[in-house]
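Topology and contacts: notes
Chain by chain, the residues:
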Amino acid sequence: KQGKQAEPTGNTTKKAKHQGSNLLCWATDDVYDITIGQEIRKKFVSHITPINPHLDIKPTYKLEMTSQRMPCFDSKGKYTGENVVMALHDTTGRCIQTFDPKTAARLKSSFDYMAQHHPAVHQRVNSPSCYLEAIQRLATRYSEGTCNPGKHTGKSVDKNQYTLPQDVYLLLCSQEPGGFKCTKERFASPLNSYPDIQQYWSAHKEDQAFGASYDAYSVRWTGSSVAVPDFDPYAAEKALEWAIKSAVTTTLPTLTVLLIPLYGENASWVHTADKHAHLCKSLALIPASRLELQPPGNKPHAPGLKLSRSMVLMAVGNASGFHEYCPYWDEDWYHNFFCRMLDRYPTDMDKPNLTFGRAVRTEPPPQAGDIQINKDQQWLTKGLSRFKRLPEDCQRQPKVPELTI
């Protein structure tokens, strides 16, 4: 009702009038003071950090991991429904990280296996005995990516944690004709390694507590492996040079399947590959619009990542490695590879399509002993004696058995 209201009793100090209304509101000095000492004031809690109503829980004053339902959105912000995630909570109940359920199960199995069968590794990397504390440290390490800060970038890049689609991994690991029989991954982490890969290398020493091998550049690469270096020209050049040196300094069959962004025809790694055509074979060019990288295990149900550059699928190896894992001169093998790639990336008139960079060869690549190093390849001999003193990765056996999730 409009009109004057009865003035409240007490010490009146000011009178406020709402704009556009005749309603008079009165305030007193003792409104705040009269609540001092009441029990209700002791229940007030001020939260200065963001609250997630979907994932936060009541504080238990210890680390917790619970199964929660999280709302998900696509790359355009459209709601796509709820999905189950494993949420890691700190002592206040706040969710500090979410994991894909399969990734969380695989991390738990790997950690328990290493703690039981290789306790010396846990002691060497100062890993906590509690799994939840270890996974909290893992989440902190990978909040910005797996790059080594200060080596070639000022800050770790989150996109380096994104990984290849599953069907691409199936092709790389396939034992059938057209596949590469890959059993090792050179640049990975406990959060994005492919489950069928037997051994992978991480950039963090602490990841050995989860069964990872440390530092891909501490060993010579042997066998069949996949390498997706960080997305910058320096990392691409370094990975390619390491694959070449590994191929020429071992007698074991060696093949490294690299996926490298195409930084233009004048990129340094392109010239390096051209100078060593007997070791490097470009198999396919995947347009940027056709390849979508998948999020790591600590970003469950996140939208995929599309790069701004096309990706080159390249095989680097010695003669025995190509014979064993990638006989591209063989019509049957190449036909199966060609068909499986087109199954993954079918021809589309509205989008750029795959380009296959190869002419059928009738003879295998030359043996390493028959190769003459010219002036353009003399960098390969510099420091090669020291490189040969590095151990071969086959001397470091996988520490975690194959896990069935």
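Residues numbered from 1 in each chain as written. Predicted model: local features only at pLDDT ≥ 70, side-chain atom pairs only at ≥ 80, totals over all residues. Heavy atoms only, no water.

Next up on the list: the pattern of salt bridges. Working definition: two side chains of opposite charge can pair if their charged atoms are close together. Tallied over the full model, the rule gives nine salt bridges. Residue Arg 94 pairs with Asp 90 through a salt bridge whose shortest N-O separation is 3.7 Å. Residue classification places Arg 94 among the partly exposed positions, given a relative accessible area of 34%. A salt bridge links Asp 393 to Arg 186; the shortest N-O distance between them is 2.7 Å. (Salt bridge = Lys/Arg side-chain N within 4 Å of Asp/Glu carboxyl O. Buried < 20%, exposed > 50% of the residue type's maximum accessible area, 1.4 Å probe, protein only.)

Checked against the element boundaries, Asp 393 lands in the segment after α10 (384–388). Owing to a relative accessible area of 0%, Asp 393 belongs among the buried residues under this scheme. A distance of 2.3 Å separates the side chain of Asp 393 from the side chain of Thr 222, its partner in a polar contact. With near-sequence residues (within four places) excluded, Asp 393 lies in contact with Lys 184, Arg 186, Gln 199, Trp 201, Val 219, Arg 220, Trp 221 and Thr 222. (Helix = DSSP H or I, 4+ residues; strand = E, 2+ residues; numbered from the N terminus. Polar contact = N/O pair within 3.5 Å; in protein donor to acceptor, adjacent residues only side chain to side chain. Contact = heavy atoms within 4.5 Å.)

With that settled, the discussion passes to the environment of Cys 339. Mapped onto the fold, Cys 339 is located in helix α9 (residues 331–344). The exposure class of Cys 339 is partly exposed, given its relative accessible area of 29%. Taking the C-alpha atoms as reference points, Cys 339 and Gly 178, 161 residues apart in sequence, are found 8.6 Å from one another.

Here the focus is the packing of aromatic side chains. In this structure the tally under the stated criterion is 16 aromatic pairs. Centroid distance Tyr 169 to Tyr 194: 4.7 Å. Interplanar angle 5 degrees. Geometry classified as stacked. Placement of Tyr 169 in helix α5 (residues 166–173) and of Tyr 194 in the loop between β6 (184–185) and β7 (199–202) is noted, with a sequence separation of 25 residues between them. Using a relative accessible area of 9% as the deciding quantity, one classes Tyr 194 as buried. Geometrically, the ring pair formed by Tyr 334 and Phe 337 is tilted, given 5.8 Å between the ring centres and 50 degrees between the ring planes. Taken together, the residues span about one helical turn, with Tyr 334 and Phe 337 both in helix α9 at a distance of three residues. When its relative accessible area of 0% is taken as the criterion, Phe 337 is described as buried. (Phe/Tyr/Trp six-rings, centres within 6.5 Å; stacked < 30°, edge-to-face > 60°.)

Looking at the element boundaries, Cys 173 is found in helix α5. The buried category is assigned to Cys 173, whose relative accessible area is 15%. A sequence separation of 21 residues divides Cys 173 from Tyr 194, and the C-alpha atoms of the two residues are 9.9 Å apart. Not counting the four nearest positions on each side in its chain, Cys 173 is found in contact with Lys 181, Cys 182, Tyr 194 and Ile 197.

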